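These are the residues of each chain, in order.
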Amino acid sequence: MRSDFKDLTPKQIVSELDKYIIGQHDAKRNVAIALRNRIRRLMVKTDIQKDIVPNNILMIGSTGVGKTEIARRLAKIANAPFTKVEASKFTEVGYVGRDVESMVRDLVEQSVHLVQAQKNEEVKEKAAAAAEEAILDILIPPVKAAGFSRTTPTPASDFNPEHSSDEELNERTRERFREKLRNGEMEERKIEISVKQSPPVGVGMIGNGMMDDASMAGLQDMISGMMPKRTKKRKVTIAEARKILTEEEASKLIDFDEVKEEAIHLAENNGIIFIDEIDKIASKSSKSGGGPDVSREGVQRDLLPIVEGSAVNTKYGIINTDHVLFIAAGAFHVSKPSDLIPELQGRFPIRVELSSLTEEDFYRILKDPKNALTKQYQALFESEEVYLDFNDESIREIAKLAFQINEEVENIGARRLHTVMSHLLNDFLFEVPDTIEANSKIMVTKEMVQERLSVLVKNRDLSQYIL
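So, how was this worked out
Residues numbered from 1 in each chain as written. Predicted model: local features only at pLDDT ≥ 70, side-chain atom pairs only at ≥ 80, totals over all residues. Heavy atoms only, no water. Helix = DSSP H or I, 4+ residues; strand = E, 2+ residues; numbered from the N terminus. Areas by Shrake-Rupley, 256 points an atom, 1.4 Å probe, with all protein chains shown as cover. Salt bridge = Lys/Arg side-chain N within 4 Å of Asp/Glu carboxyl O. Buried < 20%, exposed > 50% of the residue type's maximum accessible area, 1.4 Å probe, protein only. Axes fitted to C-alpha atoms, helices over the stretch in contact; angles between N-to-C directions. Parallel < 35°, antiparallel > 145°, perpendicular 65-115°, else oblique. Left-handed = near helix turned anticlockwise from the far one by under 90°. Contact = heavy atoms within 4.5 Å. Nonpolar A, V, L, I, M, F, W, Y, C, P; charged D, E, K, R; others polar. Pairing = 2+ DSSP bridges. Expected span 1.5 Å × (residues − 1). Phe/Tyr/Trp six-rings, centres within 6.5 Å; stacked < 30°, edge-to-face > 60°. Lys NZ or Arg CZ within 6 Å of the ring centre and 35° of its normal. 1 Å grid on protein atoms, 1.4 Å probe; cavity = no way out; pocket = protein on both sides within 12 Å on 5 of 7 lines; lining within 4 Å. Points joined across faces, edges and corners; volume = space filled by probe spheres on them.

A. Here's a closer look at the overall build of the chain. For the chain, the helix and strand inventory stands at 16 helices and 11 strands. Just so you have it, the chain exposes about 25,900 Å², and 49% of that area is on carbon and sulfur atoms.

B. Layout of the pattern of salt bridges. Tallied over the full model, the rule gives 31 salt bridges. As a salt-bridge pair, Lys280 and Asp279 come within 3.9 Å of each other at their nearest N and O atoms. Given the relative accessible area of 11%, Asp279 is considered buried. Ionic pairing is found between Arg396 and Glu360, a salt bridge with its closest N-O pair at 3.4 Å. In this pair, Arg396 is assigned in helix H14 (residues 392-408) and Glu360 in helix H12 (residues 359-367), connecting sequence segments 36 residues apart.

C. Structural view of the packing of H12 against H14. Running from N to C, H12 and H14 point in directions that differ by 130°, and their axes come no closer than 8 Å. Accordingly, the angle class assigned to the pair H12 and H14 is oblique. In this structure, the crossing between H12 and H14 has a hand that is right-handed. Contacts from Glu359, Glu360, Phe362, Tyr363, Leu366 and Lys367 of H12 reach H14 at Asp392, Ile395, Arg396, Ile398, Ala399, Lys400, Ala402, Phe403 and Asn406. Of the residues that constitute the contact of H12 with H14, the class distribution is eight nonpolar, one polar and six charged.

D. Focus on the pairing of strand E11 (residues 441-444). Burial along E11 is one-sided: Ile442 and Val444 are buried, while Lys441 and Met443, pointing the other way, are not. In this structure, strand E10 (residues 387-390) lies alongside E11, joined through four bridges in parallel fashion. Counterpart to Tyr387 in the pairing with E11 is Lys441.

E. Representation of the packing of helix H2 (residues 25-43) against helix H3 (residues 67-78) within the structure. Interhelical geometry of H2 versus H3 gives an angle of 35° and a closest axis separation of 11 Å. As for the relative orientation of H2 and H3, their crossing is right-handed in sense. Contacts from Ala27, Val31 and Leu35 in H2 reach Ile70, Leu74 and Ala78 in H3. For the contact of H2 with H3, a count of residues per class yields six nonpolar, no polar and no charged.

F. Local environment of the sheet that holds strand E1 (residues 57-60). If you trace the five strands from one edge of the open sheet to the other, you get E2-E5-E8-E1-E9, paired in parallel fashion. Pairing within the sheet leaves two strands with one partner each, and these edge strands are strand E2 (82-86) and strand E9 (350-353). Across the sheet, the axes of successive neighbouring strands diverge by a mean angle of 20°, strand direction being ignored. Across four bridges, strand E5 (residues 272-276) lies against strand E8 (residues 325-330) in parallel orientation. Within E8, the position partnered with Ile272 by the bridge is Leu325.

G. Molecular detail of helix H6 (residues 166-182). In this model, H6 (17 residues) spans 24 Å end to end at C-alpha, consistent with the 24 Å of a helix rising 1.5 Å per residue. Buried residues belonging to H6 abut helix H5 (124-139) and helix H8 (238-253). The first or second residue beyond H6 is Gly184, which carries a positive phi of 75°.

H. Seen up close, the packing of aromatic side chains. Summed over the entire model, instances satisfying the criterion amount to two aromatic pairs. Between the aromatic rings of Phe362 and Phe403, the centroid separation amounts to 6.4 Å while the plane-to-plane angle is 75°, which identifies the pairing as edge-to-face. Note that Phe362 is positioned in helix H12 and Phe403 in helix H14, a separation of 41 residues in sequence. Classification of Phe403 as partly exposed rests on a relative accessible area of 23%. Against the face of Phe177 rests Lys180, its NZ or CZ located 5.6 Å from the ring centre.

I. Main features of empty space enclosed by the protein. Taken as a whole, this structure holds three cavities of 30 Å³ or more when the rule is applied. Ser62, Val65, Ser356, Leu357, Phe362, Phe403, Asn406, Glu407, Asn411 and Gly413 together form the lining of the largest cavity. The element best represented in the lining of the largest cavity is H14, accounting for three residues. Looking at the lining of the largest cavity residue by residue, the classes come out as four nonpolar, five polar and one charged.

J. Spotlight on the side chain of Arg178. Locating Arg178 in the fold gives a position in helix H6. Setting aside anything within four residues of it in sequence, one finds Arg178 in contact with Glu132, Glu133 and Leu136.

K. Representation of the environment of Ile405 in the model. One can find Ile405 in helix H14. Taking C-alpha positions, Ile405 is 9.4 Å from Val420, a pair spaced 15 residues apart along the chain.

That's the geometry; what it means functionally is another story.
So, in structure tokens, the structure goes:
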């Protein structure tokens, strides 16, 4: 968890989410409370701490209203391991396909990456210094006489090349090159370095479908460990060599067993699993079995122990899912939350209905968030020194047309804005930099929006524009 996260109150968490997500205050409040409750649980000193389980959340709302984005941003705020899965990708035990435990293994992988990145940051300076020495050893191999260690160079005023030893001359040359390296004067020079090669392990078919993911990963790791570590020579620039060697040196400085231990602890206490399309595995009781419904209830029953809390075997160790936060989401157009099996419904006590986006929401989505679409396109144009600007009327017109198309064709929520913006600006993007040169300015007006998007509104079929 990031160090300042413990100080974030639910109100502050909501205000962080507001920077990226418009509306949906009810959903934001509930996820903020769920996140703050995790901190509260860890601050509980008595034995009851292990009995406090998270209140999992079920988000109900049509596509493009912000369900995934809320969960993803929440994990970023907490710097927590996060994985998104689609319930429709899982199959019941006995069928070919992904088993539900794979979502927990994905979560642990994310957790390992997070902890490794944090450890890399801690040893970054030591690793960079070691990489610098390795590069200098390639450029100026050290001269070491038997029984002597590397000497400290004498002061420049006392230095006499004729009376100096080979070691001292070598050391002085190294220091001059070190200075050049630090000043970035040799970044493009090519050197030859030895890079460790991972041995290719072709055991993908060994289980013939009968081996689970954890066993397969464990077997691959075991075989990789038995294979001799090979190195190969590569000719790269010093800039690239510094990056490769720094990573190698960092991995030597980090205790991987400690990483695994911390990653399991982080995933158990702070992990968030987002199960999308949960409505696709809910089937009405009136439907007869057979066809694609045959394993829907089976998948729900397989999900149940994971959400309730169980021990899952991963290649990094056993993880307990008791305190993992599960956020499920679905549109529930055809089915209803009550079509899920009762036991699974009981494991998602907090239900939040996300509202459909209004024209005003679209206007704010285009204008307010830190990563608003208008700002993204401005950044793309600015990379070629072309300056794009929108007046307020044009943004309102884009919002109005996107909302109108959603109403008339298919409501795909905020994703419609991508279609509309792409149609509006693609001609300009094609003409930069050939026709529209650097330092040009493009002002998007209401009239331009109406003219360029009129075909979208007139053509009721719109099949070529629907995502």
